Amino acid sequence: MPYHYYRPKDKIARFSEYFDLLETLFRFPQGYTEDVLRYQIDQTKGSSAPETSYIFDSLLNYGLIVESTDFQPRYVLGVPYRALLEQLYQESQPVNSAVIQGYITALANCAGNLQKAYEAQSTPLTLKHLQHLSREMESISQTSRNNRLGVINEVRKLRLNDEKLSYRERLAEANRLWDEYLEPLREIIAPTGTFGQAMQHLKQVLDNGEALFNANVELRHQFTHNRVLRVQLQEQARIDLSEASLELDPLREKLLEESRLLEASSLVFDYLEQGKLTELPTLSLGRKLTHERQIDLYGLIPWLAELWSIQNEPDSFSFEEQEEVEPDPLETEALLQLLADMPADTDLIEYFQKCYNNLSANAVLRAISIATLHQTDVPIGVSADESQYWIDGQLWKGSGFYKITDNNKGQ
Amino acid sequence: MESNNPFHIPGKQEVFEALVSGKHLSLHSGELYHYLLEHKEAYQAELASLGYVLVHEQDYFYLLSRDDNRTNDYSHKVLVFIAIMLEFIAQTGNDMIDTLYRSRGFERDQLPHFSTERYKNYMQHLGIEDEKALHTLLRNLHRSGFIDYRESENFLRFLPPCQRFIQLALDVLEQHKKQQAEQGETGA
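Worth saying up front: this structure is predicted, and the values here are computed from it rather than measured.

Any details on the overall build of chain B? Residues and values, ideally.
Across its full length, chain B holds eight helices and six strands. In sequence order, the secondary structure elements of chain B are arranged as α-β-α-α-β-β-α-α-β-α-α-β-β-α. A burial count over chain B gives 38% of its 188 residues as buried. Here the analysis covers contacts within chain B between residues at least 6 apart in sequence; of these, 51% occur between residues at least 24 apart.

Talk me through the overall build of chain A; I want residue IDs and the actual numbers.
What chain A contains, in helices and strands, is 14 helices and four strands. Counting only residues that meet the buried cut, chain A has 27% of its 411 residues in that class. Sequence separation of 24 or more characterises 70% of the internal contacts of chain A that already satisfy a separation of 6 or more.

Which residues make up the nonpolar core, and what are the values?
Membership of the largest hydrophobic core comes to 77 residues, with the highest contact counts inside it found for Leu79, Ile82, Leu86 and Ala169 of chain B. With 13 residues, the top contributor of residues to this core is helix α4 (residues 73-91) of chain B. Those residues within four positions of Leu79 of chain B in sequence are excluded, and the remaining contacts are Val268 and Leu280 of chain A together with Phe165, Leu168 and Ala169 of chain B. Counting residues in each nonpolar core, the second largest holds 19 residues, with Val15, Phe16, Leu50 and Tyr52 of chain B among its members.

Before we move on, can you summarise the pairing of strand β6 (residues 155-158) of chain B with the specific residues and values?
Side-chain positions along a regular strand alternate between the two faces of the sheet. Residues and elements named next belong to chain B. Of the two faces of β6, only one is covered, namely that formed by Leu156 and Phe158; the face formed by Phe155 and Arg157 stays uncovered. As judged from the two bridges shared by strand β4 (residues 106-107) and β6, these two strands associate in the antiparallel manner. Opposite Phe106, over in β6, you have Leu156 as the bridge partner. Alignment of strand β5 (residues 147-150) against β6, held across four bridges, turns out to be antiparallel. Each residue of the ladder has a partner; that of Asp148, found in β6, is Arg157.

Tell me what's going on with the sheet that holds β5 of chain B, and back it up with residues and numbers.
Within the open sheet, the three strands sit side by side as β4-β6-β5 (chain B). Their pairing is antiparallel. Edge strands, defined here as strands with exactly one partner in the open sheet, are β4 and β5 of chain B.

Now, about the packing of helix α8 (residues 167-189) of chain A against helix α10 (residues 217-273) of chain A: what can you tell me, with residues and values included?
All names here are of chain A. Here α8 crosses α10 at 155°, and the two axes come no closer than 9 Å. When the interaxial angle is binned, α8 and α10 end up roughly antiparallel. Between α8 and α10 lies a crossing whose hand is left-handed. Taken together, the residues of the contact of α8 with α10 break down into 18 nonpolar, three polar and seven charged.

Explain unusual backbone geometry residue by residue, including any values.
Unusually for a residue other than glycine, Gln58 of chain B sits at a positive phi of about 45°. Take Gln58 of chain B: it is sitting in the loop between β2 (52-57) and β3 (60-65).

Explain the confidence of the model for chain A to me, and be specific about the residues and the numbers.
Residues and elements named next belong to chain A. Residues at a pLDDT of 70 or more form 82% of chain A, whose mean pLDDT is 79. Within chain A, the lowest mean pLDDT, 49, falls on helix α11 (residues 300-306), and the highest, 91, falls on helix α4 (residues 52-61). Counted against residues more than four places away or in other chains, residues 286-299, with its pLDDT under 50, gives 39 contacts. Contacts for the low-pLDDT stretch residues 305-325, under 50 throughout, to residues beyond four places or in other chains number 32 contacts.

Quick one: what's the story with α4 of chain B, residue by residue and with numbers?
All names here are of chain B. With 19 residues, α4 should reach 27 Å at 1.5 Å per residue; the first-to-last C-alpha distance of 27 Å fits that figure. Summarising burial for α4: 17 of the 19 residues are buried, a large majority. Positive backbone phi, at 85°, marks Gly93, one or two positions downstream of α4.

With reference to specific residues and values, describe the environment of Tyr101 of chain B.
With respect to the helices and strands, the residue Tyr101 of chain B is situated in the loop between α5 (96-100) and β4. In this structure the C-alpha to C-alpha distance between Tyr101 of chain B and Phe158 of chain B, which are 57 residues apart in sequence, comes to 5.3 Å.

Give a description of the packing of helix α7 (residues 123-160) of chain A against α8 of chain A that names residues and reports values.
Residues and elements named next belong to chain A. Axis separation between α7 and α8 bottoms out at 10 Å; the angle between their running directions is 165°. Considered as vectors, α7 and α8 are oriented roughly antiparallel to each other. The two elements α7 and α8 cross, and the hand of that crossing is left-handed. Facing α7, whose interface residues are Ser144, Asn147, Gly150, Val151, Glu154 and Leu158, α8 presents Arg170, Glu173, Ala174, Leu177, Tyr181, Pro184, Leu185 and Ile188. Here the contact of α7 with α8 is built from residues that sort into eight nonpolar, three polar and three charged.

Calculation criteria
- Residues numbered from 1 in each chain as written.
- Chains lettered and ligands numbered in written order.
- Predicted model: local features only at pLDDT ≥ 70, side-chain atom pairs only at ≥ 80, totals over all residues.
- Helix = DSSP H or I, 4+ residues; strand = E, 2+ residues; numbered from the N terminus.
- Buried ≥ 20, exposed ≤ 12 C-beta atoms within 10 Å, placed from the backbone.
- Contact = placed C-beta atoms within 7 Å.
- Core = buried A, V, L, I, M, F, W, Y, C linked by C-beta atoms within 7 Å.
- Pairing = 2+ DSSP bridges.
- Axes fitted to C-alpha atoms, helices over the stretch in contact; angles between N-to-C directions.
- Parallel < 35°, antiparallel > 145°, perpendicular 65-115°, else oblique.
- Left-handed = near helix turned anticlockwise from the far one by under 90°.
- Nonpolar A, V, L, I, M, F, W, Y, C, P; charged D, E, K, R; others polar.
- pLDDT = per-residue confidence, 0-100.
- Expected span 1.5 Å × (residues − 1).

Right, dumping it as structure tokens:
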């Protein structure tokens, strides 16, 4: 294609003239084939506009659209105009490693050109390359800011999830954002990365030049400006990375956690489908009047005294409503009958064991609790001395409980 | 006199009854939860003397009995019940946890558990074959403090103690992955 020079003012005028079409291309970054693009021109041009082929050539000549090098060429928005619209719409395309490599090359070129200008001891060339370097660094800084805005926009969309993406799709999207937006920023601020090394080299070149042209006021000002820009760029990238991470990290962690939850649910279903549900662990739930052998029998007294108003055991419920449960020999009714029948001055625990073989420690302790709660029916005494019991294969030590006669009440 | 009784803890009788009956007490439980929160150490000490462990996780309380390793079908039922809820919510594209615990709850007749053949099969495996059996399960979940279920209003809401089952599911997944990794290493 022959080279055409157009004044910037004319380019902007043409950009404005075909804004609707170019804005469509901005929203469709993969570009249009020639046929589709010509159709789009037809659809957007006014009735008094020139021929479609004229407009097509004009857009190409002005550099407003460029042809890709794909097997089947596609037409995309020219890079400066895309950047302008991104800026105007505060949108951003992710910066991939190829773009970062482009910046590294650009910075290396700037450093190389400055070195040559130093060797030629040329003030105008040094000034020109310093100005070029400023623009490059400002451009990279802008990219960093755009990346942050890009993350915030994308995270907002993911949170709202208007597209009704599944969890896995949302997680994949969050991971893509991480890779495409945050990793480049990380690369920019990493001192040991290739970008960091390029920046370090640039610092050396600027220091050398500043020493060489110290007497020139204008150059000294430009060197200072570039040195500040270099520091600001790194600081800007660090802040952008930090803020973008703050936005993305919680969502990513949440999606990751909930994706795990979905995976866990599927696993539960797998166990169920394979008839292996019983192999899964369970939670201990439901009624637990099951005192363990570590219980201190003395501890029961204040507790039960406080609970004196409870005339019956606390209501409990069975989760296995269909299941037939073997009745406990010392259930409340049976126990109260046993207490009524037992002789006075008899030790409760010894008597229970005498009546029923193989009572568990839990059953015995539970029976003691109930007996103590029902003192209005059968008075129970507590011995001051420590007693020892052999219950269910374990040695127990604690207070002794015994049935007292009416004559001994109050003791 | 309560004030002279060194063993007095406010709300003791009601809290004891609720906890021992297997209820989980959360913010939703009102004053019982606040009794526990304000006198946590006293409750823990006293319950420990009776052989219980009072557990306080996130914003709910429940009792554990030491060395109680018995399995129970009820736990499996609830685990599957909640897993179905989570999968169903995920399919709608909404946030799973936020939606599960949303304050506006769910309508009972809109629950997904009999909405697909697959879910119906799961429920049948658990012995929950009809609405009546589901109602029994919901009633038990309500009594144990996992949900707020108001049958007459066709309303139910999941409460924070359900987190126990969510954590259980995650533990199962972790254990499964660990086993797979070990088998992979052995195979290699």
